[in-house]
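Descriptive analysis of the structure
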Amino acid sequence: MTGERSQTNEQEVVPSAILVASLVFGGYVVWNQPFGGSTAYIWWIILGGSLLGLLYVIFGFRKISQESDVHAAVAWLFNGISQNSRVLNKRTKTNVEKVPPPTTTLKNELYFERANRRCEWCDERVDSPDIHHIKPRAEGGQNHSENLIVLCPNCHRKADRGAISRSKLKYQVKKQSGSRRYQNGSSSKKREMDA
């Protein structure tokens, strides 16, 4: 978990920015030759930093192009994507098996019985419902009724982009399931009393 957190929070400087800065500052120093006077040491530091930046870009480009190909090296140069992070991303995507979509029977059960033909978030009547996985299938979310919620297309878009949090959706499903059980329980008590 900490490895993922450090990778996502880590801001890598794009190597092409280092290259441009090195060329601009190094070129200025070489062109103007301001090495005399009391500020000479500052210009030597700028020139040294520029050379280090150039070496970083040259050796980084060379290393990545040798490990994979020139296209990966160009991607690294302009996007700052290192080969290691690309391999890590591929591994994390393939480790989780994608769950198949829910069955039509389960969709109908949720839509007609639990949701009563309404969006479970905004409570609007919906003729073409979307069944949303609270924990996405790509992350291993299962086709259990506790992980599925019936939404209208507008609420589904909001849920997909995170405007409706997963915790709120889970709470709504619990609330819907609880009220459904209560309705079923009270109707069975009424039937017993009528008999």
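Just above, that's the structure.
The text that follows walks through the structure, step by step, so that each part is easy to find. (Residues numbered from 1 in each chain as written. Predicted model: local features only at pLDDT ≥ 70, side-chain atom pairs only at ≥ 80, totals over all residues. Heavy atoms only, no water.)

Topic: the environment of leucine 55
- Here leucine 55 lies in helix α3 (residues 40-67).
- Leucine 55 sits 33 residues away from serine 22 along the chain, and the two C-alpha atoms are 9.8 Å apart. (Helix = DSSP H or I, 4+ residues; strand = E, 2+ residues; numbered from the N terminus.)

Digging into the pattern of salt bridges
- One pass over the structure, following the stated rule, counts 2 salt bridges.
- Close ionic contact of arginine 114 with glutamate 120 constitutes a salt bridge, the shortest N to O distance being 2.8 Å. Both residues of the pair, arginine 114 and glutamate 120, belong to the buried class.
- With a shortest N-O distance of 3.1 Å, arginine 166 and glutamate 139 are connected by a salt bridge. Here arginine 166 is found in helix α8 (residues 166-194), whereas its partner glutamate 139 is found in the loop between β1 (130-133) and β2 (148-151), with 27 residues between them in sequence.
- Given the relative accessible area of 40%, glutamate 139 is considered partly exposed. (Salt bridge = Lys/Arg side-chain N within 4 Å of Asp/Glu carboxyl O. Buried < 20%, exposed > 50% of the residue type's maximum accessible area, 1.4 Å probe, protein only.)

Some words on helix α2 (residues 15-32)
- Over its 18 residues, α2 extends 26 Å from the first C-alpha to the last, a length consistent with the 26 Å expected when each residue adds 1.5 Å.
- Where α2 is concerned, the buried positions are Pro15, Ser16, Ser22, Gly26 and Val29. Viewed end-on, α2 has its buried residues packed into an arc of 165°, placing them on one side of the element. The outward face of α2, more than 90 degrees from its buried face, is lined by the exposed residues Val20, Val24 and Trp31.
- Considering only its buried residues, α2 is in contact with α3 and α4 (70-79). (Expected span 1.5 Å × (residues − 1). Arc of directions from axis to C-beta. Contact = heavy atoms within 4.5 Å.)

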